[in-house]
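Spelled out from the first residue to the last, the chains are:
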Amino acid sequence: PTAEMAKLKPALTFDKRIQLEAAAFTPHTQANDRVTVRLIWAATENITRSYKVFVHLYTMDGHLVAQHDSLPVNELRPTWSWHPGEQIVDNHGLWLPADVSEPLRLAVGLYDPETNTRLTLPDGGLDHADIGVVEVAPKSRPQVPGS
């Protein structure tokens, strides 16, 4: 990501044991391009299950535009392998469709891939965290000489 890492103070805690401590993402892009997201996770205790991370981009009215779901660190660090207090750097990339040209809401969270049950945050039981907004410009067209 080109933006500075945004520290989340306090950290967002999913299911009372997995903290999202910081996040960075591409704040500006264009249609038919990618958005990169870096998440810093930490466990507050041992985790016995393997949860997937989801990173979704939505229009402001809630339409899903792009998503990336995977085990943390590109499938290399399942949550059961995390040690309490260890920081896990988890990168994700999302490709935008060519017809998107509006701001998109970035949401992240975790879920159990066996049951599709999302982990929740303590405040109001939300099952995701809204991290920020990605500004999307229309895809620029190449200039044709003589036009």
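Because the structure is a prediction, the values reported are computed rather than measured. (Residues numbered from 1 in each chain as written. Predicted model: local features only at pLDDT ≥ 70, side-chain atom pairs only at ≥ 80, totals over all residues. Heavy atoms only, no water.)

1. Notes on the overall build of the protein chain
This is how it is decided: Helix and strand assignments come from DSSP, with helices taken as H or I runs of at least 4 residues and strands as E runs of at least 2, each series counted from the N terminus. Between buried and exposed lies partly exposed: a residue is buried under 20% and exposed over 50% of the maximum accessible area for its type, with that area taken using a 1.4 Å probe on protein chains only. Pairs of residues are marked as contacts when any of their non-hydrogen atoms sit within 4.5 Å.
Along the backbone of the protein chain there are zero helices and 10 strands. Seen in sequence order, the protein chain has helices and strands lined up from the N terminus as β-β-β-β-β-β-β-β-β-β. For the protein chain, the residues scored as buried account for 41% of the 147 residues in total. Relative to all contacts within the protein chain whose residues are 6 or more apart in sequence, the contacts with residues 24 or more apart total 66%.

2. As for the nonpolar core
Heads up, the rule is: The criterion is simple. A nonpolar core is a set of buried Ala, Val, Leu, Ile, Met, Phe, Trp, Tyr and Cys residues joined through side-chain atoms within 4.5 Å.
Counting 32 residues, the largest nonpolar core has Leu39, Trp41 and Leu57 as the members making the most contacts within it. Secondary structure elements with two or more residues in this core: strand 2 (18-25), strand 4 (34-43), strand 5 (52-59), strand 6 (64-70), strand 7 (87-95), strand 8 (104-112) and strand 10 (129-137). Of the residues forming this core, the biggest block, five residues, is contributed by strand 4. Excluding residues within four positions of it along the chain, Trp41 makes contact with Phe14, Ile18, Gln19, Leu20, Val53, Trp82, Glu86, Gln87, Ile88, Asp90 and Leu110.

3. Observations concerning the packing of aromatic side chains
Operational definition: Any Phe, Tyr or Trp ring, taking Trp's six-membered ring, that has another such ring centre within 6.5 Å forms a pair; planes under 30 degrees apart are called stacked, those over 60 apart edge-to-face, and the others tilted.
This structure, assessed with the given rule, holds two aromatic pairs. On the basis of an interplanar angle of 40° and a centroid distance of 6.3 Å, the ring pair of Phe54 and Tyr111 is categorised as tilted. Of this pair, Phe54 sits in strand 5 while Tyr111 sits in strand 8; the two residues are 57 residues apart in sequence, bridging distant segments of the chain. A single burial state applies to Phe54 and to Tyr111, both of which are buried.

4. Looking at the pairing of strand 5
If a strand is regular, its side chains alternate between the two faces of the sheet. The condition is simple: When DSSP finds at least two bridges between two strands, those strands are taken to pair.
Most of strand 5 sits inside the fold, with seven of its eight residues counted as buried. Relative to strand 8, strand 5 runs antiparallel, the two being bridged by eight bridges. Looking across to strand 8, one finds that Thr59 is bridged to Leu104. Of the strand pairs in this sheet, strand 5 and strand 6 are connected by six bridges, and their pairing is antiparallel. When the bridges of strand 6 are listed, Tyr58 appears paired with Leu64.

5. As for the pattern of salt bridges
If charged atoms from side chains of opposite charge come close, those side chains can pair. To keep things clear, this is the line we draw: By salt bridge we mean one thing: a side-chain nitrogen of Lys or Arg within 4 Å of a carboxyl oxygen of Asp or Glu.
Across all of its chains, the model carries six salt bridges by this definition. With a shortest N-O distance of 3.4 Å, Glu114 and Arg49 are connected by a salt bridge. Here Glu114, found in the loop between strand 8 and strand 9 (117-118), pairs with Arg49, found in the loop between strand 4 and strand 5; they are 65 residues apart in sequence, far enough to count as distant. Classification of Glu114 by relative accessible area gives exposed; the value is 69%. Asp130 is paired through a salt bridge with Arg105; the nearest N and O atoms lie 2.6 Å apart.

6. Here's the deal with the pairing of strand 10
Here strand 3 (residues 28-30) pairs with strand 10 via three bridges, running parallel. Bridge pairing in strand 10 places His28 opposite Glu135. When strand 8 meets strand 10, the two strands line up antiparallel, connected through five bridges. Bridging across to strand 10, Leu104 finds its partner in Val134.

So, to be careful, I would describe these as geometric facts and stop short of saying anything about function.
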